[in-house]
Amino acid sequence: MDFGIAGVAAITVITYIVGMAVRAGKMDRKWIPIICAASGAVLGIAGMFVMPDFPAQDVISAAAVGIVSGLAATGADQAVKQMTCGKEKEE
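This text gives an overview of the structure that appears in the document. Note that the structure is predicted; figures quoted are calculated from it, not measured.

How each quantity is defined
Every chain is numbered independently, its residues counted from 1 as its sequence is written. Local features are withheld for residues below a pLDDT of 70 in this predicted model, meaning they are given only at 70 or higher, and side-chain atom pairs are given and counted only at 80 or more; totals for whole chains, interfaces and linings count all residues. Processing note: side-chain calculations cover all non-hydrogen atoms of the structure and skip hydrogens and water entirely. Side-chain atoms within 4.5 Å are what join buried Ala, Val, Leu, Ile, Met, Phe, Trp, Tyr and Cys residues into a set we call a nonpolar core. The buried label applies to any residue whose accessible area, calculated with a 1.4 Å probe on protein chains only, is under 20% of its type's maximum; exposed applies above 50%, and partly exposed to all values in between. We call two residues in contact when some of their heavy atoms are within 4.5 Å. Salt bridge, as used here, is a side-chain nitrogen of Lys or Arg placed within 4 Å of a carboxyl oxygen of Asp or Glu. Segments assigned H or I by DSSP are reported as helices when at least four residues long, segments assigned E as strands when at least two residues long, and all are numbered from the N terminus. The patch calculation keeps residues exceeding 30% relative accessible area without a salt bridge and links them within 9 Å when they carry like charges or within 5 Å when they are nonpolar (Val, Leu, Ile, Met, Phe, Trp, Tyr). Areas reported here follow the Shrake-Rupley algorithm with a probe of radius 1.4 Å; residue values treat only the protein chains shown as occluding.

To continue, consider the nonpolar core. In this structure, Ile 11, Met 48, Met 51, Phe 54, Ala 56 and Ala 62 together form the largest nonpolar core, which totals six residues. In contact with Met 48, other than residues within four places in its own chain, are Phe 54, Ala 56, Gln 57, Asp 58, Val 59 and Ala 62.

Following this line, the structure appears as structure tokens:
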């Protein structure tokens, strides 16, 4: 199978879901970016071994790809919130 960059997008989606699960729980929301980054690192390292076309060939690079993917999930969530926040106030 040729996943390529789709594997990185999958890590982003999975870490986004992890962040939503943390937000639904009783844990303080300030930990969500750290939890998303850590889970992304774990998924990145796992992806290096599972996906043959993963964009990293060593553990450090795979962890970095995962961390960036996890933080991208957090950033995407915040971007959507910031864009929709003003619209809710206008209505």
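Considering all chains together, one arrives at two salt bridges under this definition. A salt bridge links Asp 77 to Arg 23; its shortest N-O distance comes to 3.6 Å. Here Arg 23 lies in helix H1 (residues 6-24) and Asp 77 lies in helix H3 (residues 59-90), a separation of 54 residues in the sequence. For Asp 77, a relative accessible area of 14% gives the class buried.

Moving on: a nonpolar patch on the surface. Together, Val 13, Tyr 16, Ile 17 and Met 20 make up an exposed nonpolar region whose accessible area comes to about 350 Å². Take Val 13: it is sitting in helix H1.

Functional significance is not addressed by these values, which are geometric in nature.
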